[in-house]
Amino acid sequence: MGIVEEAHNLKVVGSGEQVIVLAHGFGSDQSLWKHLVPHLVDEYRVVLFDNIGAGTTNPEYFDFERYSTLEGYAYDVLAILEELQIQSCIFVGHSVSAMIGAIASITRPDLFSKLILINGSPRYLNDADYYGGFEQEELDQLFEAMKSNYKAWCSGFAPLAVGGDMDSVAVQEFSRTLFNMRPDIALSVAQTIFQVDLRQILCHVTVPCHILQSIKDLAVPVVVSEHLHQNLGSESIVEVMTSDGHLPQLSSPDIVVPVLLRHIRYNIAT
């Protein structure tokens, strides 16, 4: 087993000509895709992996400097594609991995036939002519809460992020993967994500983008999906789903899986 394979808990399942890469967001791991994968394995080769820093990865591999920008993660995606000798894939990125996929596609557009971006955001902070959903003060309070008592913060944040019923299996699942992260790593990753501003790179994306967004999401307001649509350099399409929460493929698979399958199977009509 190579270093890339071991570090990311790399897994390839299914059979088919086309490759789909599934990339999870903050506080989760590849188990996030458990409701989607069974629908793909008969038609596609599916690549699953964990971002470095996820609770399932070895914390020794987390380089605080490398992962202080999303480029570090984008280079990991390219290393995974190289390791598996993948020449073209459909990249499905959730949350921060939507933007990680966008960055990777700017570097190597030839490796991506399309990007499917689920609840992604180029910037979480509000700005003069931009609504990202958060003020700096709110983010500072969030980081402070993570620092002072990480376990308590996880218990409070998980139901807010997932939405819906506090006792749901999805909330329990996200609480588990969130709490599995080493607290100092989780704080560093959260700071990198929430302080990011990638609006200026959107125009450089040339790969077709399918933007999927929950109607109600604590982390990403619906207007952000429209901002992506208007500013991406490539062809794009937006679909706002009736799902509630930031992890809809976990909490509302009955709504989200059929939408994902449609966007995986069909290209943007021209």
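Throughout what follows, the structure given in this document is the object of discussion.

The rules behind the values
- Residues numbered from 1 in each chain as written.
- Predicted model: local features only at pLDDT ≥ 70, side-chain atom pairs only at ≥ 80, totals over all residues.
- Heavy atoms only, no water.
- Axes fitted to C-alpha atoms, helices over the stretch in contact; angles between N-to-C directions.
- Helix = DSSP H or I, 4+ residues; strand = E, 2+ residues; numbered from the N terminus.
- Parallel < 35°, antiparallel > 145°, perpendicular 65-115°, else oblique.
- Contact = heavy atoms within 4.5 Å.
- Nonpolar A, V, L, I, M, F, W, Y, C, P; charged D, E, K, R; others polar.
- Pairing = 2+ DSSP bridges.
- Salt bridge = Lys/Arg side-chain N within 4 Å of Asp/Glu carboxyl O.
- Buried < 20%, exposed > 50% of the residue type's maximum accessible area, 1.4 Å probe, protein only.
- Phe/Tyr/Trp six-rings, centres within 6.5 Å; stacked < 30°, edge-to-face > 60°.
- Lys NZ or Arg CZ within 6 Å of the ring centre and 35° of its normal.
- Patch = residues over 30% accessible without salt bridge, like charges linked within 9 Å, V, L, I, M, F, W, Y side chains within 5 Å.
- Areas by Shrake-Rupley, 256 points an atom, 1.4 Å probe, with all protein chains shown as cover.
- Lys, Arg positive; Asp, Glu negative; His and termini not counted.
- Charge placed at Lys NZ, Arg CZ, Asp CG, Glu CD.

### Topic: the packing of helix α4 (residues 136-148) against helix α5 (residues 150-162)
Argument step 1. Two numbers describe how α4 lies on α5: the axes approach to 5 Å, and their chain directions differ by 130 degrees. Taken together, the axis directions place α4 and α5 in an arrangement best described as oblique. Each of Leu-142, Ala-145, Met-146 and Ser-148 in α4 lies in contact with α5, whose residues at this interface are Tyr-150, Trp-153 and Phe-157.
Argument step 2. Of the residues in the contact of α4 with α5, the class split is six nonpolar, one polar and no charged.

### A closer look at the pairing of strand β3 (residues 45-48)
Argument step 1. Both strand β1 (residues 11-13) and β3 contribute to a ladder of three bridges, which runs antiparallel. Note on β3: the bridge partner recorded for Val-13 is Val-46.
Argument step 2. Sheet topology places strand β2 (residues 19-23) next to β3; four bridges connect them, and they run parallel. Note that in β3 the partner of Leu-22 across the bridge is Leu-48.

### With respect to the pattern of salt bridges
Argument step 1. For the structure shown, the criterion picks out 11 salt bridges.
Argument step 2. One salt bridge connects Asp-127 with Arg-199, and the closest N-O pair in it is separated by 2.8 Å. Pair noted here: Asp-127 is in the loop between β5 (112-118) and α4 and Arg-199 is in the loop between α7 (183-194) and β6 (209-216), with a separation of 72 residues, a long-range link.
Argument step 3. On the accessibility criterion, Arg-199 (23% relative accessible area) is partly exposed.
Argument step 4. A network of salt bridges, in which partner residues are shared, links Arg-123, Asp-127, Asp-197 and Arg-199.

### Focus on the packing of aromatic side chains
Note on aromatic pairs: each is described by the distance of the centres and the angle between the planes.
Argument step 1. Under the counting rule described, the total for this entry stands at nine aromatic pairs.
Argument step 2. Ring plane angle 25 degrees and centroid distance 5.2 Å describe the contact between Phe-62 and Tyr-67, whose orientation is recorded as stacked. The residues Phe-62 and Tyr-67 share a single accessibility class, namely buried.
Argument step 3. Taking 5.9 Å as the distance between ring centres and 80 degrees as the angle between the ring planes, the aromatic pair formed by Phe-91 and Phe-112 counts as edge-to-face. Of the two residues, Phe-91 sits in strand β4 (residues 89-94) while Phe-112 sits in strand β5, which places them 21 residues apart along the sequence. No difference in accessibility class separates Phe-91 from Phe-112, as the two residues are buried.
Argument step 4. Three or more aromatic residues joined by ring pairs make a cluster, and in this case those are Phe-62, Phe-64, Tyr-67 and Tyr-73.
Argument step 5. We note Arg-199 situated over the ring of Tyr-130; from NZ or CZ to the ring centre the distance is 5.0 Å.

### Quick word on the environment of Ile-255
Argument step 1. With respect to the element layout, Ile-255 can be found in helix α10 (residues 253-265).
Argument step 2. Residues Ile-255 and Phe-62, spaced 193 residues apart in sequence, show a C-alpha to C-alpha distance of 35 Å.
Argument step 3. If sequence neighbours within four positions are ignored, Ile-255 has contacts with Thr-242 and Ser-243.

### What to know about a negative patch on the surface
Argument step 1. A contiguous patch of negative charge on the surface is contributed by Glu-135, Glu-137, Glu-138, Asp-140 and Glu-144.
Argument step 2. Among the secondary structure elements, Glu-138 is positioned in helix α4.

### Description of the environment of Tyr-75
Argument step 1. As for its position among the elements, Tyr-75 is in helix α2 (residues 70-83).
Argument step 2. For the pair Tyr-75 and Ile-103, spaced 28 residues apart in the sequence, the C-alpha separation amounts to 8.9 Å.

### Notes on the sheet that holds β3
For sheets, the rule is that strands pair by backbone hydrogen bonds, running either parallel or antiparallel.
Argument step 1. Strand order in this open sheet of seven strands is β1-β3-β2-β4-β5-β6-β7, and the pairing throughout is mixed. Whereas interior strands pair on both sides, the edge strands pair on one side only; in this sheet they are β1 and β7 (236-244). Averaged over all adjacent pairs, the angle separating strand axes in this sheet is 20 degrees, with direction ignored.
Argument step 2. Taken together, the six bridges between β4 and β5 define a ladder with parallel strand orientation. Each residue of the ladder has a partner; that of Phe-91, found in β5, is Leu-115.

That's the geometry; what it means functionally is another story.
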